Amino acid sequence: MKKKTVFVASFIALAVAGGLTFGSINSQASSTAEQDARLTFDKYIAAVMDGNAEDMIKYTDDQRFLDESSKEIAYESLANDKDVQELEVLNFKKIDGTHMIASVRFKSKYSGVHQIEMPVVKAGDEWKVVIEKQ
């Protein structure tokens, strides 16, 4: 149950940001790195809240899995679980042009309230929410 709690906690933290908007982006060319990163983060949160495993996978760099098959199975399971009770983005901070940090607080029906920081990094031309090994 502890591994599931850590796994779910990572995703719950992201779900909090789903209801928040970062602001309007006029075009990809005129958007800032922080806006692009936040947009990716918000899309990931929306996927978590909607139970959309395909988009959860799309927007993450999940370092806990050695292969895509294991990752897909875990994300499908997460998409079907309604563990996140409440989610709040406390801060979204730019570290540099390719690294951001999202601070989130969430409540899990299995393990209570958690506060975590989640990196959002630029990988090639795309931003990814990093789920780190714990």
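What counts as what
- Residues numbered from 1 in each chain as written.
- Predicted model: local features only at pLDDT ≥ 70, side-chain atom pairs only at ≥ 80, totals over all residues.
- Heavy atoms only, no water.
- Helix = DSSP H or I, 4+ residues; strand = E, 2+ residues; numbered from the N terminus.
- Buried < 20%, exposed > 50% of the residue type's maximum accessible area, 1.4 Å probe, protein only.
- Contact = heavy atoms within 4.5 Å.
- Pairing = 2+ DSSP bridges.
- Axes fitted to C-alpha atoms, helices over the stretch in contact; angles between N-to-C directions.
- Patch = residues over 30% accessible without salt bridge, like charges linked within 9 Å, V, L, I, M, F, W, Y side chains within 5 Å.
- Areas by Shrake-Rupley, 256 points an atom, 1.4 Å probe, with all protein chains shown as cover.
- Salt bridge = Lys/Arg side-chain N within 4 Å of Asp/Glu carboxyl O.
- Lys, Arg positive; Asp, Glu negative; His and termini not counted.
- Charge placed at Lys NZ, Arg CZ, Asp CG, Glu CD.
- Core = buried A, V, L, I, M, F, W, Y, C linked by side-chain atoms within 4.5 Å.
- Expected span 1.5 Å × (residues − 1).
- Arc of directions from axis to C-beta.
- Polar contact = N/O pair within 3.5 Å; in protein donor to acceptor, adjacent residues only side chain to side chain.
- pLDDT = per-residue confidence, 0-100.

1. Quick look at the overall build of the protein
Scanning the protein from terminus to terminus reveals 4 helices and 5 strands. Mapped in sequence order, the helices and strands of the protein form the string α-α-α-β-α-β-β-β-β. Within the protein, the fraction of its 134 residues that count as buried is 42%. Of the contacts made within the protein by residues no fewer than 6 positions apart, 56% connect residues no fewer than 24 positions apart.

2. A look at the sheet that holds strand β1 (residues 60-62)
Strand order across the open sheet formed by 5 strands is β1-β5-β4-β3-β2, with mixed pairing between neighbours. The sheet terminates laterally at β1 and β2 (84-96), the two strands that pair on one side only. Between one strand and the next, the sheet's axes are offset by a mean angle of 30 degrees, whatever the strand orientation. The sheet contact formed by strand β3 (residues 99-108) and strand β4 (residues 112-123) spans 10 bridges and is antiparallel. When the sheet's bridge partners are listed, R105 is paired in β4 with Q115.

3. Quick look at a negative patch on the surface
A surface patch of negative charge is lined by E54, D67, E68, E72 and E76. A total of 3 residues in the negative patch trace back to one element, the largest contributor, which is helix α4 (residues 68-80). For E76, the position within the fold is in helix α4.

4. Focus: the nonpolar core
F41, Y44, M56, Y75, F92, V120 and V129 are the most contacted members of the largest nonpolar core, which has 26 residues in total. Broken down by secondary-structure element, the contributors of at least two residues to this core are α2 (33-50), α3 (53-58), α4, β2, β3, β4 and β5 (126-131). Here the element with the most residues in this core is α2; it accounts for 6 residues.

5. Section: the pairing of β5
If a strand is regular, its side chains alternate between the two faces of the sheet. Taking burial as the measure, the 6 residues of β5 include 5 buried ones, the bulk of the element. The sheet contact formed by β1 and β5 spans 3 bridges and is parallel. Opposite D61, over in β5, you have V130 as the bridge partner. Pairing of β4 with β5, which is carried by 4 bridges, proceeds in the antiparallel orientation. Bridge pairing in β5 links V120 to V129. Between β4 and β5, which pair antiparallel in sequence order, lie 2 residues; one of them, G124, sits at a positive phi of approximately 70 degrees.

6. Description of α4
With 13 residues, α4 extends 18 Å between its outermost C-alpha atoms, agreeing within 8% with the 18 Å of an ideal straight helix rising 1.5 Å per residue. Among the residues of α4, those classed as buried are K71, A74, Y75, L78 and A79. In a view along the axis of α4, the buried residues occupy a sector of 140 degrees, so they form one face of it. When the buried face of α4 is taken as reference, the exposed residues oriented beyond 90 degrees from it are I73 and N80. Its side-chain oxygen placed 3.2 Å from the backbone nitrogen of S69, D67 serves as the N-cap of α4.

7. Notes on the confidence of the model for the protein
In this model, the protein carries a mean pLDDT of 81, and residues with pLDDT of at least 70 account for 78%. Mean pLDDT values for the elements of the protein range from 53 in helix α1 (residues 2-16) up to 96 in β5. Across residues 13-29, where pLDDT falls below 50, the model places 48 contacts with residues more than four positions away in sequence or in other chains.

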